[in-house]
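Here is what each chain is made of, one letter per residue.
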Amino acid sequence: MRFDILTVFPNLFSSIFEESILKRAIEMGYLEVHIHNIRDYATDKHHITDDYPYGGGGGMVMKPEPLFRAVEGVLGVREGGALPPVPIILLCPQGRTFTQAIAKELSGYPRVLLICGRYEGVDERVRVHLATDEISIGDYVLSGGELPAMVVVEAVVRLLPGVLGDPLGARQDSFAMGLLEYPHYTRPAVYRGYAVPEVLLSGNHAEIARWRRREALRRTWQRRPDLLARIELSEEDRLFLRELEEKKAP
Ligand code: SAM
């Protein structure tokens with residue numbers, strides 16, 4: 001899968017793709033990332049990419065010309081030409097809130113283009129006539145779209161087949177199955193008197209799977225009950241949740 005990221009601060013991406021899973025995904029050929037400096041597409045002498053807002057008020061606004069030219073240049077389209085069906089995603093606090101389901105949706109595309117805004121944001125014509133989608137990573141405002149772009153890439157890349165060492169890992173992650181994930185433990189079996197639940201040491205895989213399912217249900221019931229309404233539950237799941245409700249167990 002290929003990501004093209006448009007930014008006025010390309011150096012911010014210098015380390016994220018050089019460590020851990022993203023680095024491995026690139027080395028193994030699952031991921032290609034191209035960082036493009038929007039300034040390179042500004043035609044004036046000083047490569048200016050922002051300007052004062054019409055109507056006054058504080059802050060600067062990212063100009064439309066460098067952004068349109070950058071997207072067309074990166075996608076290999078002549079100025080004003082029809083764009084190929086590549087998602088052109090504007091990172092924007094007003095966009096649809098990023099979720100695991102959106103990460104899954106994006107992982108189905110061979111190529112995705114991300115536009116990082118700065119300052120007061122981008123000229124509205126970029127949002128309306130250039131971007132095909134807008135994504136927010138949450139209800140708060142950051143100074144730029146670079147961190148949101150990293151969040152999107154990282155979440156999507158985990159879902160590409162072959163990227164994770166353990167192929168089951170991503171399938172059992174929180175949200176992937178609609179529930180929060182069960183708790184994890186590793187050695188030692190007892191630490192400062194705190195013991196690992198016995199079932200995990202039992203070697204009984206059916207019992208371990210049952211315990212994990214119940215703990216995932218318990219966690220979700222405690223922390224994100226809204227998720228339970230959106231997934232299919234087995235009869236056994238429902239019974240367990242009813243027990244929790246009745247006991248109002250912690
Ligand atoms: N004035 C804008 C508003 O109130 O909606 C906020 C602009 S913000 C300071 C500058 C840029 O940061 C945005 O254009 C966007 O690219 C990025 N950004 C900030 N918060 C974000 C979020 N929660 N999700 C995605 N992008 C965000």
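Thresholds applied
Residues numbered from 1 in each chain as written. Predicted model: local features only at pLDDT ≥ 70, side-chain atom pairs only at ≥ 80, totals over all residues. Heavy atoms only, no water. Near = heavy atom within 4 Å. Polar contact = N/O pair within 3.5 Å; in protein donor to acceptor, adjacent residues only side chain to side chain. Areas by Shrake-Rupley, 256 points an atom, 1.4 Å probe, with all protein chains shown as cover. Helix = DSSP H or I, 4+ residues; strand = E, 2+ residues; numbered from the N terminus. Core = buried A, V, L, I, M, F, W, Y, C linked by side-chain atoms within 4.5 Å. Buried < 20%, exposed > 50% of the residue type's maximum accessible area, 1.4 Å probe, protein only. Contact = heavy atoms within 4.5 Å. Pairing = 2+ DSSP bridges. Axes fitted to C-alpha atoms, helices over the stretch in contact; angles between N-to-C directions.

(A) Quick look at the site of the ligand. Residues in contact with the ligand amount to 20 residues; listed here are only the nearest, L91, Q94, G117, E120 and Y140. At 2.6 Å, a backbone N or O of L91 approaches an oxygen atom of the ligand. Between the ligand and the protein, one listed contact pairs an oxygen atom with a backbone N or O atom of G144 at 3.4 Å. Considering the ligand on its own, with 590 Å² of exposed area, one finds that the protein chains cover 84% of that surface. Elements supplying a minimum of two residues to the shell around the ligand: β5 (88-97) and β7 (133-136).

(B) Just the nonpolar core, in detail. Counting 31 residues, the largest nonpolar core has F3, L114 and V157 as the members making the most contacts within it. Looking at this core, the elements that each hand over two or more residues are β1 (2-7), α1 (20-27), β5, α3 (100-107), β6 (111-115) and α5 (146-157). Ranked by residue count, the leading element in this core is α5, at seven residues. Non-local contacts of V157, meaning those with residues more than four positions away in its chain, are made with F3, L22, A25, L31 and V163. Counting 21 residues, the second-largest nonpolar core is a separate cluster that includes V8, L67, A70 and V86.

(C) Summary view of the sheet that holds β1. The parallel open sheet is built from five strands, whose spatial order is β2-β1-β6-β5-β7. Edge positions in the sheet fall to β2 (32-37) and β7, since each has one partner strand and no second. Strand-to-strand twist of the sheet, defined as the mean angle between neighbouring strand axes without regard to direction, takes the value 35°. Summarising the sheet, β5 and β6 pair through three bridges and their orientation is parallel. Its bridge partner lying in β6, I89 is registered against L114.

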